[in-house]
Amino acid sequence: MVRSTDAGVSQRTNVYAERQMLRHAAPVRVLDKFALTKPMPKNKGVNIVFRRPQIFTAATTPLVEGVTPSATQFRYEDVPASLKQYGQVVEVTDVIEDTHEDPVLNDATQQAGENIGRTMEALDWAVLRAGTNVFYANGTARTDVNTPISLPKIRAVQRGLKAQKAMKITKILGGSVNFATRPIEAAYVAVHHTNVEQDIRNLAGFLPVAQYGSRTPINEFELGTVEDTRFVASPDLDPFADAGGVFAGSGTSADVYPVLFIGKDFYGSVPLRGMGAVSPTVLRPGVKTKSDPLAQRGYVGWKSWHCTVILNQLWGARLEVAVTAL
């Protein structure tokens, strides 16, 4: 619990409800827009099962005249996962409400909403960057990596995804707090830290969003396209610090930045959308209770559930790169 005291903030004006928290959480998130989403009904426990259809093999046996071929069974595979609960409480004192003029409870609620998105993004990223399908900018292990992203490596990742029949993404979740999807031009999507942005812009054949013409960007964080891949940057997709190879002549190890290439249905998640996705708490100072007989404390808080799971390791890939020093 973090306590905001007299020195930092002041009185509140308006109180935001759940929808406002979700509205502030949505712009912070990138990863949830590309997941196979499955809302979790209330009072159904903490375990959830994602189902994916098994892929048919090519039917290469010729048909025999007048003979009905043997039936092929259609099957699903279950991918189980469990939800976990996360939350935060911020304390505001009565001194703040009585002596300051800033809308502290408004601001605290907005910041809490943004931190919901930041928290869920960090949890998603921890799951997804641990995938097993990995490529390296150079060498054969993370400890070798000390060179930036390159077009040949991007092509190698794209070739690998296509060989595994990973489909391109054609729909994403919209930017609202609702479950509506919107179509996009088919492509793989690569998400990465903003520090990788300049190296991607320097790639041969890079097409920036400003030159898209009639094509609709995925969101405000999209940089542009390189061949079959659309690149999206976020400052919340942290690197592996000091995990790479030594930069020539420097004696220092490179930070390793995962560039996560995403195909359709690579991973699934329980989306942070719709009523009931977040349980907010807004209590202003001034209410006397046994635990606070002088009514000195108020609170802004939230709690929510999270679940993200990789559904098919080979329908996504992680390209580990270093970045060019500025």
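See above for the structure.
Residues numbered from 1 in each chain as written. Predicted model: local features only at pLDDT ≥ 70, side-chain atom pairs only at ≥ 80, totals over all residues. Heavy atoms only, no water.

## Regarding the nonpolar core
Among the nonpolar cores identified, the biggest contains 50 residues, and Phe34, Ile149, Val191, Phe231, Val259 and Phe261 are the most heavily contacted of them. Elements represented by at least two residues in this core include exactly α3 (104-128), α4 (151-163), β7 (169-173), β8 (181-193), β10 (222-226), β11 (229-234), β12 (257-262) and β17 (316-321). Every residue in contact with phenylalanine 261, bar those within four places of it in the chain, is listed here: Ile154, Val157, Leu161, Val189, Ala190, Thr229, Phe231, Gly316, Ala317 and Leu319. The next biggest cluster of nonpolar side chains, apart from the first, holds eleven residues, and it includes Val92, Ala108, Val278 and Trp302. (Core = buried A, V, L, I, M, F, W, Y, C linked by side-chain atoms within 4.5 Å. Buried < 20%, exposed > 50% of the residue type's maximum accessible area, 1.4 Å probe, protein only. Helix = DSSP H or I, 4+ residues; strand = E, 2+ residues; numbered from the N terminus. Contact = heavy atoms within 4.5 Å.)

## Some words on the packing of aromatic side chains
According to the stated counting rule, one finds two aromatic pairs in the structure shown. Between phenylalanine 231 and phenylalanine 261, the ring centres sit 6.2 Å apart and the planes meet at 80 degrees, which makes this aromatic pair edge-to-face. Linking phenylalanine 231 in strand β11 with phenylalanine 261 in strand β12, this pair joins segments that are 30 residues apart in sequence. Overall, phenylalanine 261 belongs to the buried group, its relative accessible area being 0%. Centre to centre, the rings of phenylalanine 266 and tyrosine 267 are 5.7 Å apart; their planes meet at 90 degrees, and the pair counts as edge-to-face. Among the residues examined, tyrosine 267 registers a relative accessible area of 1% and is labelled buried. The ring of phenylalanine 240 carries arginine 142 above its face, with NZ or CZ at 3.7 Å from the centroid. (Phe/Tyr/Trp six-rings, centres within 6.5 Å; stacked < 30°, edge-to-face > 60°. Lys NZ or Arg CZ within 6 Å of the ring centre and 35° of its normal.)

## Description of the sheet that holds strand β2 (residues 36-37)
Taking strand neighbours across the sheet as the criterion, the three strands line up as β2-β13-β16 in an open arrangement whose pairing is mixed. Strand pairing shows two members of the sheet lacking a second neighbour, β2 and β16 (308-310), which therefore form its edges. Relative to β16, strand β13 (residues 267-269) runs antiparallel, the two being bridged by three bridges. Bridging from a neighbouring strand, glycine 268 pairs with valine 309 of β16. α3 contacts β13 and β16 of the sheet and is inclined by roughly 20 degrees relative to β16. (Pairing = 2+ DSSP bridges. Axes fitted to C-alpha atoms, helices over the stretch in contact; angles between N-to-C directions.)

## With respect to the environment of tyrosine 212
The topology assignment puts tyrosine 212 in the loop between β9 (207-208) and β10. For tyrosine 212, a relative accessible area of 9% gives the class buried. Sequence separation between tyrosine 212 and threonine 225 is 13 residues; the distance between their C-alpha atoms is 9.0 Å. If we skip the residues at most four places from it in the chain, tyrosine 212 touches Leu207, Pro217, Glu222, Gly224, Thr225 and Arg230. A polar contact is formed between the side chain of tyrosine 212 and the side chain of threonine 225, at a distance of 2.8 Å. (Polar contact = N/O pair within 3.5 Å; in protein donor to acceptor, adjacent residues only side chain to side chain.)

## Concerning a nonpolar patch on the surface
Judged by side-chain polarity, Phe56, Phe74 and Tyr76 come together as a nonpolar surface patch covering roughly 350 Å² of accessible area. Summarising the element assignment, tyrosine 76 is placed in strand β4 (residues 76-82). (Patch = residues over 30% accessible without salt bridge, like charges linked within 9 Å, V, L, I, M, F, W, Y side chains within 5 Å. Areas by Shrake-Rupley, 256 points an atom, 1.4 Å probe, with all protein chains shown as cover. Salt bridge = Lys/Arg side-chain N within 4 Å of Asp/Glu carboxyl O.)

## Digging into α3
With 25 residues, α3 ought to run about 36 Å at 1.5 Å a step, and its terminal C-alpha atoms sit 36 Å apart, in line with that. Taken across its 25 residues, α3 has 18 buried, putting it largely inside the fold. (Expected span 1.5 Å × (residues − 1).)

## Quick notes on α4
Because each turn of an α-helix spans 3.6 residues, side chains separated by three or four positions end up pointing in the same direction. When the terminal C-alpha atoms of α4 are compared, their 18 Å separation across 13 residues agrees well with the 18 Å that a helix rising 1.5 Å per residue should span. All of the buried residues along α4 are Leu151, Ile154, Ala156, Val157, Gln158 and Leu161. Where α4 is buried, its residues contact β6 (134-136), β8, β10, β11, β12 and β17.

## Brief notes about the environment of leucine 223
Examined against the element boundaries, leucine 223 turns out to sit in strand β10. Residue leucine 223 is classed as buried on the basis of its relative accessible area, which comes to 6%. Each C-alpha atom of the pair leucine 223 and arginine 201 lies 8.0 Å from the other, and the pair is 22 residues apart in sequence. With near-sequence residues (within four places) excluded, leucine 223 lies in contact with His192, Glu197, Arg201, Phe206, Leu207, Pro208, Val209, Phe231 and Ala233.

The values reported here are purely geometric and, on their own, carry no functional implication.
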